[in-house]
Amino acid sequence: MEHVLWTVYLGLLGTASLSYLIKGKYKSKLSKIDFVVSVITWIGLLGYVTETAILNPSWWKIITVTALLWDVLFAMLLKDNEGEEILDGLPMMTRRVWMFITLVVAIGPLYYGLFKYAFSSI
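Only a predicted model underlies this, so the values are computations on that prediction, with no experimental measurement involved. (Residues numbered from 1 in each chain as written. Predicted model: local features only at pLDDT ≥ 70, side-chain atom pairs only at ≥ 80, totals over all residues. Heavy atoms only, no water.)

A. Layout of the nonpolar core. Grouped together as the largest cluster of nonpolar side chains are 24 residues, with contacts concentrated most on Y9, L45 and L110. Of all the elements in the fold, those that place two or more residues in this core are helix 1 (2–22), helix 2 (29–50), helix 3 (57–78) and helix 4 (92–119). By residue number, the principal contributor to this core is helix 4, which donates seven residues. Setting aside residues up to four positions removed in sequence, L110 forms contacts with Y9, L13, T41 and L45. (Core = buried A, V, L, I, M, F, W, Y, C linked by side-chain atoms within 4.5 Å. Buried < 20%, exposed > 50% of the residue type's maximum accessible area, 1.4 Å probe, protein only. Helix = DSSP H or I, 4+ residues; strand = E, 2+ residues; numbered from the N terminus. Contact = heavy atoms within 4.5 Å.)

B. A look at the packing of helix 1 against helix 4. Between helix 1 and helix 4, the least distance of the axes is 11 Å, while the angle of their chain directions is 120 degrees. The orientation of helix 1 relative to helix 4 falls into the category oblique. Between helix 1 and helix 4 lies a crossing of left-handed hand. Within the contact between the two elements, helix 1 uses W6, Y9 and L13 and helix 4 uses A106, I107, G108, P109, L110, Y112 and G113. Across the contact of helix 1 with helix 4, the residue classes break down as eight nonpolar, two polar and no charged. (Axes fitted to C-alpha atoms, helices over the stretch in contact; angles between N-to-C directions. Parallel < 35°, antiparallel > 145°, perpendicular 65-115°, else oblique. Left-handed = near helix turned anticlockwise from the far one by under 90°. Nonpolar A, V, L, I, M, F, W, Y, C, P; charged D, E, K, R; others polar.)

None of this, on its own, says anything about what the molecule does.
This is the structure we're talking about:
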């Protein structure tokens, strides 16, 4: 059952980002970089879910930390500079809290899987 849930989660992540790509939502350079980072993390999660060794675990340690830092910075700081008005009527601190909660719920499992993939021997 756990394997099925991981597969569904991976499919949802991929579907959401690919639909954004098809609709042309990745317009700025930063959002294109974010898409590439997302694809790399999906590959790692795919390796974790299928219990397949992809690259060396040392690479996944570096990728996990770097991608996590990127996602937090992109979601909390950089995205506001692209003109996207998310939660426009709320004070900045409240916006940041909601963005953080959304980030944890949406991609928390991704980084949990990547962490387990990078720091365990498959």
